[in-house]
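For reference, the chains in residue letters:
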Amino acid sequence: MKRVRVDQTVDDASSVGDGERPGPTIRIVTTGPGSNEAARAASTPATAVAALPIPEEEAVFDLRSLSCYYGDFRAVRDITLRAPKNKITALIGPSGCGKSTLLRSFNRMNDLIDGARITGQVLYHGVDLYADGVDPVEVRRRIGMVFQKPNPFPKSIYDNVAFGPRIAGYRGNMDELVEESLRRAALWDEVKDKLKSPGTALSGGQQQRLCIARAIAVEPDVILMDEPCSSLDPIATLKIEELMHELKQNYTIVIVTHNMQQAARASDLTAFLTMGTDRAGYLVEMAPTQKLFTSPDNRLTEDYITGRFG
């Protein structure tokens, strides 16, 4: 029986500057009869990219004619786009157009929903994440997620951050890892004297930054954010946006937001989705954020960002 394994090695550290994380090298390893099928699928030429032309070598994600289904219902149809490395890509659009469904397809979170399936491809560093034999748990370790509502575990602040590394068998200095993760999440100075306090006792904005610290503690390559500021006040929202700008130096970020001002402030690229008559979401256009908000190519985009619908 054919098996597919996704391997990641770290580039030679001597070529990486101070303060930078080595980039991942991803490859598919196949064994058994028909072992070249997955490799061929991963290298299938892309369909026309209905978005800005990001070079393939710069794309962390390369979606090719992706459609997402819940049973017989098609929630998202024929999405083709690329998300570049170390950039913030925002997904905007009216409620129900499939933004969160699309985001969850990036790390196979939809697999946890009965009846969910996809057609097309989601390539991550050239690897088809839905190929036979790809471990979805490993996918979610490398592609972390922060949800709409802060969801700290009913544990201490320290144990929230240490949970993932412990599960993964981390054998380094856990105290240093927890501190580094909290510093990266801009939370260390606020909690360093109460690490044994419950994470649920923090304010909403602090809880969301704790969830970000928990996500980055396992050293992911990508952070997905599903409306991370929807339940936060303006001050906490600003802190999350400032944090996103710091994090993109080391991580690729894809964010879903209903807040167009947030997309305009925080993202480098924006993709606008809307719904067709079949209620399936589709991509209208994708462009650098400044261009999309000042001179969109499609009238639907202009109508949405100016408040004529949505």
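It should be emphasised that the depicted structure is a prediction, and the values quoted were computed from it without experimental measurement.

Thresholds, definitions, all that
- Residues numbered from 1 in each chain as written.
- Predicted model: local features only at pLDDT ≥ 70, side-chain atom pairs only at ≥ 80, totals over all residues.
- Heavy atoms only, no water.
- Helix = DSSP H or I, 4+ residues; strand = E, 2+ residues; numbered from the N terminus.
- Contact = heavy atoms within 4.5 Å.
- Areas by Shrake-Rupley, 256 points an atom, 1.4 Å probe, with all protein chains shown as cover.
- Phe/Tyr/Trp six-rings, centres within 6.5 Å; stacked < 30°, edge-to-face > 60°.
- Buried < 20%, exposed > 50% of the residue type's maximum accessible area, 1.4 Å probe, protein only.
- Salt bridge = Lys/Arg side-chain N within 4 Å of Asp/Glu carboxyl O.
- 1 Å grid on protein atoms, 1.4 Å probe; cavity = no way out; pocket = protein on both sides within 12 Å on 5 of 7 lines; lining within 4 Å.
- Points joined across faces, edges and corners; volume = space filled by probe spheres on them.
- Nonpolar A, V, L, I, M, F, W, Y, C, P; charged D, E, K, R; others polar.
- Pairing = 2+ DSSP bridges.
- Core = buried A, V, L, I, M, F, W, Y, C linked by side-chain atoms within 4.5 Å.

Trainee: Please provide a residue-by-residue account of the overall build of the chain, values included.
Mentor: For the chain, the count of helices and strands is eleven helices and twelve strands. A separation of at least 24 residues holds for 68% of the contacts in the chain among residues at least 6 apart in sequence. Approximately 14,500 Å² of the chain is accessible, and the part contributed by carbon and sulfur atoms is 49%.

Trainee: How would you sum up the packing of aromatic side chains? Please name residues and give values.
Mentor: Under the counting rule described, the total for this entry stands at four aromatic pairs. Considering the side-chain rings of Phe61 and Phe106, the 4.6 Å spacing of their centres and the 75° angle between planes classify their relative orientation as edge-to-face. Here Phe61 is found in strand 3 (residues 59–70), whereas its partner Phe106 is found in the loop between helix 2 (99–105) and strand 6 (116–124), with 45 residues between them in sequence. Accessibility classification places Phe61 together with Phe106 in one group, the buried group. Ring geometry for Phe61 versus Tyr124: centroids 5.7 Å apart, planes at 40°, classification tilted. Here Phe61, found in strand 3, pairs with Tyr124, found in strand 6; they are 63 residues apart in sequence, far enough to count as distant. Each member of the pair, Phe61 as well as Tyr124, is classed as buried. The structure contains a cluster of three or more aromatic residues connected by ring pairs, namely Phe61, Phe106 and Tyr124.

Trainee: I'd love a proper account of unusual backbone geometry, names of residues and values included.
Mentor: Phi is mostly negative for residues that are not glycine, and the peptide bonds are mostly trans. The backbone of Arg108 shows a phi angle near 65°, a positive value even though the residue is not glycine. As for its placement among the helices and strands, Arg108 is situated in the loop between helix 2 and strand 6.

Trainee: Run through the pattern of salt bridges, naming residues and quoting values.
Mentor: Between side chains of opposite charge, a pair can form when the charged atoms approach closely. Enumeration according to the criterion identifies 17 salt bridges in this entry. Residue Asp159 is joined to Arg166 by a salt bridge in which the shortest nitrogen-to-oxygen separation is 3.0 Å. On the basis of relative accessible area, Arg166 is assigned to the partly exposed category, the value being 45%. One salt bridge connects Glu179 with Arg183, and the closest N-O pair in it is separated by 3.0 Å. Highlighted residues: Glu179 and Arg183, both in helix 5 (residues 174–184), separated by four residues, approximately one helical turn.

Trainee: Report on the layout of surface pockets, specifying residues and quantitative values.
Mentor: By volume, the largest pocket amounts to about 650 Å³. Arg140, Arg141, Gly144, Gly164 and Val218 are the residues nearest the centre of the largest pocket, which is lined by 23 residues in total. Secondary structure elements with two or more residues in the lining of the largest pocket: helix 3 (136–142), strand 8 (143–146), helix 4 (157–167) and helix 7 (204–216). A class-by-class count of the residues in the lining of the largest pocket yields 13 nonpolar, five polar and five charged.

Trainee: Please provide a residue-by-residue account of the pairing of strand 5 (residues 88–92), values included.
Mentor: For strand 5, the tally of buried residues reaches five of five residues, placing the bulk of the element in the interior. Relative to strand 11 (residues 269–275), strand 5 is paired through four bridges, and the arrangement is parallel. Within the sheet, the bridge partner assigned to Leu91 lies in strand 11 and is Ala271.

Trainee: Account for the nonpolar core, with residues named and values stated.
Mentor: Counting 46 residues, the largest nonpolar core has Leu182, Ile212, Ile223, Met225, Met244 and Leu247 as its most contacted members. In contact with Leu247, other than residues within four places in its own chain, are Arg184, Ile212, Ile216, Ile223 and Ile253. Ranked by size, the runner-up nonpolar core spans 36 residues in total, among them Leu66, Val76, Val222 and Leu273.

Trainee: Help me get a handle on the pairing of strand 10 (residues 252–256), residues and values and all.
Mentor: In terms of burial, strand 10 is a largely internal element, five of the five residues being buried. Burial along strand 10 is two-sided: the face carrying Thr252, Val254 and Val256 and the face carrying Ile253 and Ile255 are both buried. In the sheet, strand 5 pairs with strand 10 via four bridges, with the strands oriented parallel. Looking across to strand 10, one finds that Leu91 is bridged to Val256. Pairing geometry for strand 9 (residues 222–226) and strand 10, over five bridges, is parallel. Considered in strand 10, the bridge of Val222 is made with Thr252.

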